Amino acid sequence: MHRDELIVAATLVAGGLLTIAVVIPRYVAGGAIGGGLSPAFMPYLAAALATLSALGVLLQSLRRRDAGPEHARLTHANLRFICGSAVVLGASYALMISAGYLIGGIVLVAGLLKLARVRALPLAIAAVTAPVALWLLFVVLLGMPLP
Amino acid sequence: MDIVLAGIAGAFAPLNLAFIVLGVSLGIVVGAIPGMSAPTAIAIAVPLTFAMSPVSAIAFLLGVHKGGEYGGAIASILINTPGEVSSALTALDGYPLAKQGKPRKALTISLYASVAGDMFADLVLILSAAPLAVWALRMGPPEILGVLVFAFAFITGLLGKSVAKGLFALALGLLLATVGLDIETGGERLTFGVLELFDGIPLVAVGIGVLALGEILVQLEEHFQAGPGEAAARIELGSGEQDRLSWPELRGCFRAILRGSVIGTIVGALPGLGASVAAFLAYGAERRASKTPELFGTGKIEGVAAVESANNAVIGSSLIPLLTLGIPGSATTALIVGAFLIHGITPGPFVLQQSGAVIYGLFASLLLANVANLVIGNLGLRFFVLFLAVPRPLILSTAALLCVTGAYVSTGSMFGIGIVLAFGALGYLLRKLDFPFVVFLIGFVLGPIFERALRNTVNLFDDPWRLATQHPLLPVLLALGAYTIWRSAAAKRMPLRNVAE
């Protein structure tokens, strides 16, 4: 929807202004050596360019109100997928830290296959074989440690 | 001369040859999987290179790239499911040929044209890299700054549907590239006190996240929305006489292959254009040159030959700006920069001086990879076709786990996995919202070089007039960059006006 692009562009402009006004002054150590550029110069330059171009996107989407269906959109289905994949990725990340690579890997592959609506049997086979195969490849064959 | 010989000897080492064969095979397999593209194949393959020598690692990745481009043609020709735009043009004539019962003919000409295009561009790269690097060595910080600004403008103007979105993606890449300790003062910049960020955000993890995981999430979402699909059909290759590529047919494609190779080489050497533009230009040129243009799109092998030679020629020539100026012109070369840096090699005008043996080994490996592509592509066709029948979600989810694994291997900590997941999400959103993710990645890769050139220029020259008169190339390139952005913005507004009218 047209509204989605407006919201995204407005959020980016607000994010850019916040970066310039709050984030860079607080999290970039100032003070240049000699007469050179300050360490904050490049972050300010990039943030200013990002804010101005986000403003450009905002103006563009305001201008093409009636220009047809050609604009970016995030539908409810997209948001459902984003939530689902965030849960899967977050859970597998937490499990890799707490229970190790194999358990985290099984949850990652199984979760993504579940999101892709794969049937139970191939899901189970792939969820077990893929992490085990990669573990064997990296740890046993290539001698690289995994979590 | 010793360096050249040492490089060539390194390329012919049995282990290096094995990695080239492995890379080409992996590239063809991943490229043949519907929806997967060569850059994704490379992003997935990067983690496997950590245990390799520099020559083997880069040769392996370039093998994946070359194999991936040819693999893309397999899916396009047999099931009309290209992984990227450049392969879509192969399908225009390749798929009709397959439907006419000539899939092997289409695949064979595609293989021969791919290898010929590769070979042509690699030879141009080998012959031009050293003279261009010598020329590039004469450039000081102001010239480097000008070249980078022009490259940014060129890439931003060309990629994506909107210049404003391209500029935003570039600025985001430049901003995130500043994270870490400042190169001059050592002060913290945007690290938020996180120790792991003091060295900056790891490039390989960012590349894997944006390029591979982002694409994997987009493709998994298609299955999420479409529901369980039908099992992929089993493809049978014919063995009849009419399905074989005859000598007169191959000879008839020579001009198409040469035209495609030249176009692909020129386009590949210009940052930002890539295989898709080369394929479009080559297809258009071939059609215009043909006596029967009306037959294009109905199964004309010259169409397949032109497109395949052009999109493969881009691979070799895209290394020209990378090795001579240090500018990666595409997503793939941005990832290859990551592989270079992992092995302690900084691409740019000094690379031939500092790592000559590796680069000459790389040149020899490029040519060997072409031979490997020809042999493996011919012998393994029946085997690679089997991968078309593997359900895509199974491969995508395994590839996602490989991304996560690669992030851990490259950074040695769970922090790397967090970076891949975060940048995977960013890659997904950039794609969904039509922001050119390649521009973001190039901004991120070139950010530190750009900043160094800018600061050195300011340190050396406090008088702009003196700067402009002593280094006239800088104002010329800045003006050209501004003009490119203005022209691109005007060109991209045009279709919008037409729609509005």
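Fair warning: this is a prediction, and the values are worked out from it, not measured in the lab.

Rules behind the numbers
Residues numbered from 1 in each chain as written. Chains lettered and ligands numbered in written order. Predicted model: local features only at pLDDT ≥ 70, side-chain atom pairs only at ≥ 80, totals over all residues. Helix = DSSP H or I, 4+ residues; strand = E, 2+ residues; numbered from the N terminus. Buried ≥ 20, exposed ≤ 12 C-beta atoms within 10 Å, placed from the backbone. Contact = placed C-beta atoms within 7 Å. Rg over C-alpha atoms; globule rule 2.2 N^0.38 Å. pLDDT = per-residue confidence, 0-100. Nonpolar A, V, L, I, M, F, W, Y, C, P; charged D, E, K, R; others polar. Expected span 1.5 Å × (residues − 1). Axes fitted to C-alpha atoms, helices over the stretch in contact; angles between N-to-C directions. Parallel < 35°, antiparallel > 145°, perpendicular 65-115°, else oblique. Left-handed = near helix turned anticlockwise from the far one by under 90°. Core = buried A, V, L, I, M, F, W, Y, C linked by C-beta atoms within 7 Å. Domains from an automatic or database assignment. Bend = angle between axes of the 7 residues up to and from the residue.

### Regarding the overall build of chain A
- Helix and strand counts for chain A stand at five helices and zero strands.
- In chain A, the succession of helices and strands from N to C terminus is α-α-α-α-α.
- When each of the 147 residues of chain A is scored for burial, the buried share is 35%.
- Put simply, of all contacts in chain A between residues at least 6 apart along the chain, 53% involve residues at least 24 apart.

### Observations regarding the overall build of chain B
- Summing up its helical and strand segments, chain B has 23 helices and two strands in all.
- Relative to the compact-globule value of 23 Å for 501 residues, chain B shows a C-alpha radius of gyration of 22 Å, a close match.
- Projected onto the principal axes, the alpha-carbon positions of chain B cover approximately 75 × 65 × 50 Å.
- The burial tally for chain B puts 61% of its 501 residues in the buried class.
- Partitioning the contacts of chain B with sequence separation of at least 6, the portion at a separation of at least 24 is 80%.

### Digging into the environment of B:Phe440
Residue and element names in this part refer to chain B.
- Considering the arrangement of structural elements, one finds Phe440 in helix α21 (residues 437–460).
- For Phe440, a count of 27 C-beta atoms within 10 Å corresponds to the buried category.
- Phe440 sits 367 residues away from Ala73 along the chain, and the two C-alpha atoms are 28 Å apart.
- Look past the residues within four positions of Phe440 in its chain and what remains in contact with it is Ala169, Leu172, Gly173, Val210 and Leu430.

### Concerning the confidence of the model for chain A
- For chain A, the average pLDDT comes to 87, and 90% of its residues sit at 70 or higher.
- The weakest mean pLDDT in chain A belongs to helix α5 (residues 120–141) of chain A at 90; the strongest belongs to helix α4 (residues 101–115) of chain A at 94.

### Re the interface of chain B and chain A
- Across the boundary between the two partners, chain B contributes 54 residues, which contact 56 residues of chain A.
- The leading source of residues in the side of chain B that touches chain A is helix α19 (residues 392–411) of chain B, at 11 residues.
- For the side of chain B that touches chain A, the class distribution of residues is 31 nonpolar, 12 polar and 11 charged.

### Considerations on unusual backbone geometry
Residue and element names in this part refer to chain B.
- A positive phi angle, close to 55°, is found at Phe192, a residue other than glycine.
- Considering the arrangement of structural elements, one finds Phe192 in the loop between β2 (188–189) and α9 (203–226).
- Even without being a glycine, Asp434 presents a positive backbone phi close to 65°.
- A tally of 17 C-beta atoms within 10 Å means that Asp434 is categorised as partly exposed.

### Quick word on helix α2 (residues 41–63) of chain A
- Taking 1.5 Å of rise per residue, 23 residues should cover 33 Å, and α2(A) covers 33 Å from first to last C-alpha, within 8% of that figure.
- Buried residues of α2(A): A:Met42, A:Pro43, A:Ala46, A:Ala47, A:Ala50, A:Thr51, A:Ser53, A:Ala54, A:Val57, A:Leu58, A:Gln60 and A:Ser61, and no others.
- For α2(A), the secondary structure elements touched by its buried residues are α1 (2–27) of chain A together with α8 (163–177), β2 and α21 of chain B.

### Remarks on the packing of helix α6 (residues 103–137) of chain B against helix α11 (residues 254–269) of chain B
All names here are of chain B.
- Where α6 meets α11, the closest approach of the two axes is 9 Å, and the angle between their N-to-C directions is 45°. It follows from the interaxial angle that α6 and α11 lie oblique. In this structure, the crossing between α6 and α11 has a hand that is right-handed. Contacts from Ala113, Ala116, Gly117, Phe120, Ala121 and Val124 in α6 reach Ile257, Gly260, Ser261, Gly264, Thr265 and Gly268 in α11.

### Section: the nonpolar core
- Counting residues in hydrophobic clusters, the biggest one holds 217 residues, and the most contacted among them are B:Leu61, B:Phe168, B:Ile208, B:Ala278, B:Cys403 and B:Val420.
- With 15 residues, α6(B) is the largest single contributor of residues to this core.
- A domain split of this core shows at least three residues from each of domain 1 (2–63) and domain 2 (76–141) of chain A.
- Ignoring sequence-local partners within four residues, the contact set of B:Phe168 consists of A:Leu12, A:Ala50, A:Ser53, A:Ala54, A:Val57 and B:Phe435.

### Points about the packing of α11(B) against helix α12 (residues 274–289) of chain B
Residues and elements named next belong to chain B.
- Following both chains from N to C, one finds α11 and α12 inclined at 145°, their axes separated by 9 Å at the closest point. For α11 against α12, the interelement crossing comes out right-handed. Across the interface between the two elements, Ala256, Arg259, Gly260, Ile263, Gly264, Val267 and Gly268 of α11 pack against Val277, Ala278, Leu281, Ala282, Ala285, Glu286 and Ala289 of α12.
- Tallied by class, residues from the contact of α11 with α12 come to nine nonpolar, three polar and two charged.

### Regarding α9(B)
Residues and elements named next belong to chain B.
- Its 24 residues give α9 an end-to-end C-alpha distance of 34 Å, which sits within 8% of 34 Å, the value for a rise of 1.5 Å per residue.
- When the local axis directions of α9 are compared, the greatest deviation, roughly 30°, occurs at Gly209.
- Of all 24 residues in α9, 20 are buried, a share of seventy percent or more.

### Let's talk about the confidence of the model for chain B
- For chain B, the average pLDDT comes to 84, and 93% of its residues sit at 70 or higher.
- Looking at the elements of chain B, mean pLDDT is at its lowest for helix α18 (residues 381–385) of chain B, recorded as 75, and at its highest for α8(B), recorded as 94.

### Here's the deal with the environment of B:Ile183
- Assignment of secondary structure puts B:Ile183 in the loop between β1 (180–181) and β2.
- B:Ile183 sits in the partly exposed class, given 14 other C-beta atoms within 10 Å.

### Structural notes on the environment of B:Ile33
Residues and elements named next belong to chain B.
- Structurally, the position occupied by Ile33 is in the loop between α2 (14–32) and α3 (38–45).
- Residue Ile33 is classed as buried on the basis of its C-beta count, with 24 C-beta atoms lying within 10 Å.
- When the C-alpha atoms of Ile33 and Thr185 are compared, they prove to be 48 Å apart, with 152 residues separating the residues in sequence.
- Excluding its chain neighbours within four sequence positions, the residues that come into contact with Ile33 are Ala75, Phe387, Val390, Arg392 and Ile395.

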